[in-house]
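Structural overview
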Amino acid sequence: MITVPFIAQNQAPSVNASNETTEETSLADKLNQILSNNVLDGTTTGVSIRNADSGELLFSYYGDHRLHPASNMKIITSVAALEKLGADYRFSTEVLTDGLMGGEVLQGNLYLKGKGDPTLLKEDLDQFAADLKAKGITNIHGNLIGDDTWYDDVRLSQDLNWSDEPFYTGAQVSALTLSPNKDYDAGTVIVEVFPAEEVGGSPIVKLTPHTDYVNIINKAKTVSSDHSRAISIEREHGSNNIVIEGVIPAEGSNARSWVSIWEPTGYAVDVFKKSLEEQGIKFVGNAKTKVGVTPVDATVLTAKESMPLEDLLIPFMKLSNNGHGETLTKEMGKVVHDEGSWDKGLDVMEDVVTEFGMNGDTILLRDGSGMSHKNMIPANELSQLLFEVQDEEWYPAFERSLPVAGHSERLIGGTLRYRMADGPAAHNVKAKTGSLTGVSSLSGYVTSKDGQKIVFSIVINNALGSSSKLRAIEDAIATELANYEF
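**Section: the pairing of strand β10 (residues 188–194)**
Where burial is concerned, most of β10 is hidden: 6 out of the 7 residues are buried. In this structure, β10 lies alongside strand β11 (residues 204–208), joined through 5 bridges in antiparallel fashion. Within β11, the position partnered with F194 by the bridge is I204.

Printed below as a string of structure tokens:
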């Protein structure tokens, strides 16, 4: 058994007057020296290092202190989803009717029923429309109704900051939603601003996908090319008014932003109606587009399943997709307790992680993404979870979802692709990043110089100043582990 001295929970970091260390210097001494950096003055920092084979705690620096994990919360969400839903689990979306075909006319309502799929794209709605046209439908004598009742109607997690809500990082959660591209930021629209052809003109605005569900208020101006671009793109709270302000130089580069949608169910329905119109399918009579409930005896006309969960975990974990974390939370509540709510989903997550050895008496789970500043998890509990899950059948899918240090491929390196790109940690460290105001975290796995797999968790709270300096400390610890010989 490998034994390395570890720091007790209440021991302050020692300060080494010299930066020089010898081969005989213990791992604890080396890590303690990194943690003596004055960047951490005034912070609350927890570090936990374990032997990945035995689970033995090799080093703990305030490892039992409850801290806000930021997006390291997604580790818990992924583990719980794999355990309760399964690596092969798929979301679904259905198109149904309560009517009958009469020639080329569908006599009845058309329902677009969402069951949580955060990867639904405009091209999928186009395919639904093509499927209906292939059935001979050219006219619909009824309403177009979006059904999001698979989940509850609470759109935002309880601790989401007001300032995050207009942006993709705080997008609303609905069982019927739409993503603008294959990053799968559900419930958002991509807004691009291009300079006008002439100085003084209003910039050109492009939406992806095109939708009339939002209202563009364009207050920006095109200026001469010797100006710098300064464009603001922000949705007003409580509405779908997207206000564009500032200046964009002629012949300059475009500005682009992922903007969250207020009530995204109606957004998906609006884009679906456009897909139907593009296929020549028209609504006749006094047809309305609205939100409602699909009758239990409705007939399924066409449907789509999402990619399996093990594939969805790639954009979720590599790109740290907040919406996926909250959707998976609600989906676990729906599948296990038949209630697609945050409360029931968080109950499932806590049950799972306590079964994997986390101490339920010292953790507090408030969302699935880590956006909440009220989540509380000690570093020792995160490292314990990372140790315990290694024997699970689905573990390879979980490990594959973790960002890989220094790997330039976006969907492999993810949020670590520009970090630890050189040295022993490169392509070695596999870990989830986390970042909130005043918070930085990094938890995962690394293999030492002599082939020992190590579990680590680093959580820094109450920090002021440069987040890059906090990440540098995390990287130094991970690199030290990669370079260590037991």
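Still more to cover.
**Concerning the pattern of salt bridges**
Tallied over the entire structure, the rule returns 22 salt bridges. For K453, the salt bridge is made with E399, and the minimal N-O distance between the two is 3.1 Å. Taken together, the residues K453 in strand β23 (residues 453–461) and E399 in helix α9 (residues 395–401) connect sequence positions 54 residues apart.

**Looking at the pairing of strand β15 (residues 241–249)**
Here strand β12 (residues 215–218) pairs with β15 via 4 bridges, running parallel. Each bridged residue has a counterpart across the sheet, and for I216 the counterpart in β15 is I242. Bridge count for strand β13 (residues 221–223) against β15 is 3 bridges, and the pairing is parallel. Following the sheet pairing, T222 is matched in β15 by I248. In terms of strand pairing, strand β14 (residues 230–235) meets β15 through 6 bridges, oriented antiparallel. Looking at β15, one finds that I233 is bridged to I244. The antiparallel hairpin formed by β14 and β15 contains 5 residues in its connecting segment, where G238 sits at a positive phi of about 85°.

**Section: a negative patch on the surface**
A grouping of E83, E339, D343, D347, D351 and E355 is seen on the molecular surface, where their side chains present a negatively charged patch. The element contributing the most residues to the negative patch is helix α7 (residues 342–355), with 4 residues. Position of E355 relative to the elements: it lies in helix α7.

**Some words on the environment of Y484**
Locating Y484 in the fold gives a position in the segment after α11 (467–483). For the pair Y484 and T294, spaced 190 residues apart in the sequence, the C-alpha separation amounts to 60 Å. If we ignore the near neighbours within four places in the chain, the residues touching Y484 are T25, S26, L27, K30, S448, K449 and D450.

Analysis parameters
- Residues numbered from 1 in each chain as written.
- Predicted model: local features only at pLDDT ≥ 70, side-chain atom pairs only at ≥ 80, totals over all residues.
- Heavy atoms only, no water.
- Buried < 20%, exposed > 50% of the residue type's maximum accessible area, 1.4 Å probe, protein only.
- Helix = DSSP H or I, 4+ residues; strand = E, 2+ residues; numbered from the N terminus.
- Pairing = 2+ DSSP bridges.
- Salt bridge = Lys/Arg side-chain N within 4 Å of Asp/Glu carboxyl O.
- Patch = residues over 30% accessible without salt bridge, like charges linked within 9 Å, V, L, I, M, F, W, Y side chains within 5 Å.
- Areas by Shrake-Rupley, 256 points an atom, 1.4 Å probe, with all protein chains shown as cover.
- Lys, Arg positive; Asp, Glu negative; His and termini not counted.
- Charge placed at Lys NZ, Arg CZ, Asp CG, Glu CD.
- Contact = heavy atoms within 4.5 Å.

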